[in-house]
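Structural features, examined
For reference, the chains in residue letters:
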Amino acid sequence: MTEVLIRPMRDADVPAAEQISDEAFFELDRRTLPRDWPEPERRTPALSASWISRTRGFLEHDPGGCWVAEDGSGVVGFATSFVREQVWCLATYAVRPGLQGQGVGARLLEAADAYGAHCATGMLSASVDPRAIRRYWRAGFAFHPQMLLRGAVDRARLPVVDGVRESRPGDVPMMDALARRLRGGGHGPDHAALAEMARPLVAETATGHGFAYTDGARLAVLAATDDATARALLWACLAGAGRARTTWCRT
Ligand SMILES: CC(C)(COP(=O)(O)OP(=O)(O)OC[C@H]1O[C@@H](n2cnc3c(N)ncnc32)[C@H](O)[C@@H]1OP(=O)(O)O)[C@@H](O)C(=O)NCCC(=O)NCCS
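Fair warning: this is a prediction, and the values are worked out from it, not measured in the lab.

**Re the pattern of salt bridges**
A full pass over the atoms with the stated rule returns 15 salt bridges. A salt bridge links aspartate 22 to arginine 42; the shortest N-O distance between them is 3.1 Å. Taken together, the residues aspartate 22 in helix 1 (residues 14–32) and arginine 42 in the loop between helix 1 and helix 2 (45–61) connect sequence positions 20 residues apart. By relative accessible area, aspartate 22 is classed as buried at 9%. On the basis of relative accessibility, which here comes to 40%, the residue arginine 42 falls in the partly exposed class. Its salt-bridge partner being arginine 96, residue glutamate 23 comes within 3.6 Å of it at the nearest N-O pair. Here glutamate 23, found in helix 1, pairs with arginine 96, found in the loop between strand 4 (87–95) and helix 3 (104–115); they are 73 residues apart in sequence, far enough to count as distant. Here the salt bridges share partners, and the residues they tie into one network are Glu27, Arg31, Asp129 and Arg131.

Pasting the structure below:
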């Protein structure tokens, strides 16, 4: 491997980073998805365009959190992260397959992590790649379980849910106050980007309040003051799921 430079991401790097992300996650899926699951597929042009637009948003708001690794061949890895008040979040992170496991990822994560050095907390959603898990563990993150649900929603089992509605622009302060309380920072500029990809829902139940963003196939964000409200929101998201045979839902 030629010498690798870690430097801030520029706008012109975003398409190359998208290609690396597509290759790295496709290769990871091929390595790790259960055999009885559908064959992994490369990203569609529409999903690539949405990845590029989302990453340009991170670069616009948090240029200090976005880094690339470059060697003589060009960009070979990247990490994007953002700070919202007191929380640092890793958005996404990948190294080109074939160059993984050689220390490039460690340097990228260190650069992105330094951007949130002043934050009280840091968060990320880990892939199942053992290299990623080892990196996060070595960086000092604590691990919490995630759940991936896959399948078609059995609509006959959907309960009637009270207190969940489409969100309105005036709901943003409530959403941000809740996110601040739960994770240390509101979503701020991310509401607009999330609303482009997903439908915002708000819950005002007998026990509390909360919100979720869902695109009908995936749950992007769910936050609630209490378990009953979180359950109501999840049921509402499942009720809004398409009728496609597979639906994914990650928490
Ligand atoms: C996760 C990723 C970005 C890390 O980049 P990288 O360049 O591979 O990372 P590094 O080489 O710096 O670190 C990998 C670590 O895992 C270890 N490792 C390598 N293969 C391993 C394996 N099969 N099992 C466990 N650990 C392994 C390496 O020894 C190294 O640990 P060390 O520094 O203590 O020796 C990269 O592997 C990748 O793109 N994976 C696919 C996409 C992905 O999962 N991204 C993370 C999204 S949350």
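Having put the structure on the table, let's press on.
**Examining helix 6 (residues 190–197)**
Turning to helix 6, its buried residues are Asp190, His191 and Leu194. Buried residues of helix 6, seen end-on, are gathered within an arc of 100° and therefore sit on one face of the element. Residues of helix 6 that are exposed and point more than 90 degrees away from the buried face comprise Ala192 and Glu196. Of the surrounding secondary structure, the elements contacted by the buried residues of helix 6 are strand 3 (74–84), helix 5 (172–183), strand 9 (209–214) and strand 10 (219–224).

**Concerning the domain arrangement of the protein**
A common way to express how large an interface is: the accessible area buried when the components associate. The assigned domain composition of the protein is domain 1 (5–138) and domain 2 (148–250). Between the C-alpha centres of domain 1 and domain 2 the distance comes to 25 Å. Facing the 14 residues of domain 1 at the interface are 14 residues of domain 2. Summed over both partners, the interface of domain 1 with domain 2 buries about 1100 Å², with 56% contributed by carbon and sulfur atoms. Three residues, Trp37, Arg84 and Glu85, lead the burial of domain 1 against domain 2; their summed loss comes to 45% of the area buried on that side. Counting across the domain 1 and domain 2 interface gives 2 salt bridges. Residue arginine 180 is joined to glutamate 85 by a salt bridge in which the shortest nitrogen-to-oxygen separation is 2.6 Å. Scanning the region where domain 1 abuts domain 2 turns up 5 residue pairs in polar contact (both at pLDDT 80 or more). Broken down by secondary-structure element, the contributors of at least two residues to the side of domain 1 that touches domain 2 are helix 2, strand 3, strand 4 and strand 5 (121–123).

**Description of the sheet that holds strand 10**
Strand order in this open sheet of 4 strands is 7-8-9-10, and the pairing throughout is antiparallel. The open sheet has two free edges, formed respectively by strand 7 (164–166) and strand 10, since each of these has just one partner strand. Each neighbouring strand pair of the sheet contributes to a mean axis angle of 20°, computed without reference to strand direction. Relative to strand 10, strand 9 runs antiparallel, the two sharing 5 bridges. Bridge pairing in strand 10 places tyrosine 213 opposite valine 221. On the sheet, helix 5 packs against strand 8 (199–204), strand 9 and strand 10 and is oriented at approximately 100° with respect to strand 9. Contacting strand 7, strand 8, strand 9 and strand 10, helix 7 (residues 227–239) crosses the sheet at an angle of about 155° to strand 10.

**A few points about the site of the ligand**
Taken together, 23 residues are adjacent to the ligand, and Gly101, Ser127, Arg134, Arg135 and Arg138 come closest. Here a nitrogen atom of the ligand sits 2.9 Å away from a polar atom, N or O, in the main chain of tyrosine 93. Relative to its unbound accessible surface of 950 Å², the ligand loses 78% to contact with the protein. Sorting the residues of the shell around the ligand by element identifies helix 1, strand 4, helix 3 and helix 4 (130–138) as the ones contributing at least two each. Here the element with the most residues in the shell around the ligand is helix 4; it accounts for 7 residues. Its residues placed into classes, the shell around the ligand shows 11 nonpolar, 7 polar and 5 charged.

**Remarks on the packing of helix 1 against helix 2**
Relative to each other, helix 1 and helix 2 sit at 125°, their axes nearing to 10 Å. It follows that helix 1 is oblique to helix 2 by the angle criterion. Crossing angle aside, the handedness with which helix 1 passes helix 2 is right-handed. On helix 2, the residues touching Val14, Pro15, Ala17, Glu18 and Ser21 of helix 1 are Ser48, Trp51, Ile52, Thr55, Arg56 and Leu59. Partitioning the contact of helix 1 with helix 2 into residue classes produces 6 nonpolar, 3 polar and 2 charged.

So, how was this worked out
Residues numbered from 1 in each chain as written. Predicted model: local features only at pLDDT ≥ 70, side-chain atom pairs only at ≥ 80, totals over all residues. Heavy atoms only, no water. Salt bridge = Lys/Arg side-chain N within 4 Å of Asp/Glu carboxyl O. Helix = DSSP H or I, 4+ residues; strand = E, 2+ residues; numbered from the N terminus. Buried < 20%, exposed > 50% of the residue type's maximum accessible area, 1.4 Å probe, protein only. Arc of directions from axis to C-beta. Contact = heavy atoms within 4.5 Å. Domains from an automatic or database assignment. Buried area = accessible area lost by both parts, 1.4 Å probe. Polar contact = N/O pair within 3.5 Å; in protein donor to acceptor, adjacent residues only side chain to side chain. Pairing = 2+ DSSP bridges. Axes fitted to C-alpha atoms, helices over the stretch in contact; angles between N-to-C directions. Near = heavy atom within 4 Å. Areas by Shrake-Rupley, 256 points an atom, 1.4 Å probe, with all protein chains shown as cover. Nonpolar A, V, L, I, M, F, W, Y, C, P; charged D, E, K, R; others polar. Parallel < 35°, antiparallel > 145°, perpendicular 65-115°, else oblique. Left-handed = near helix turned anticlockwise from the far one by under 90°.

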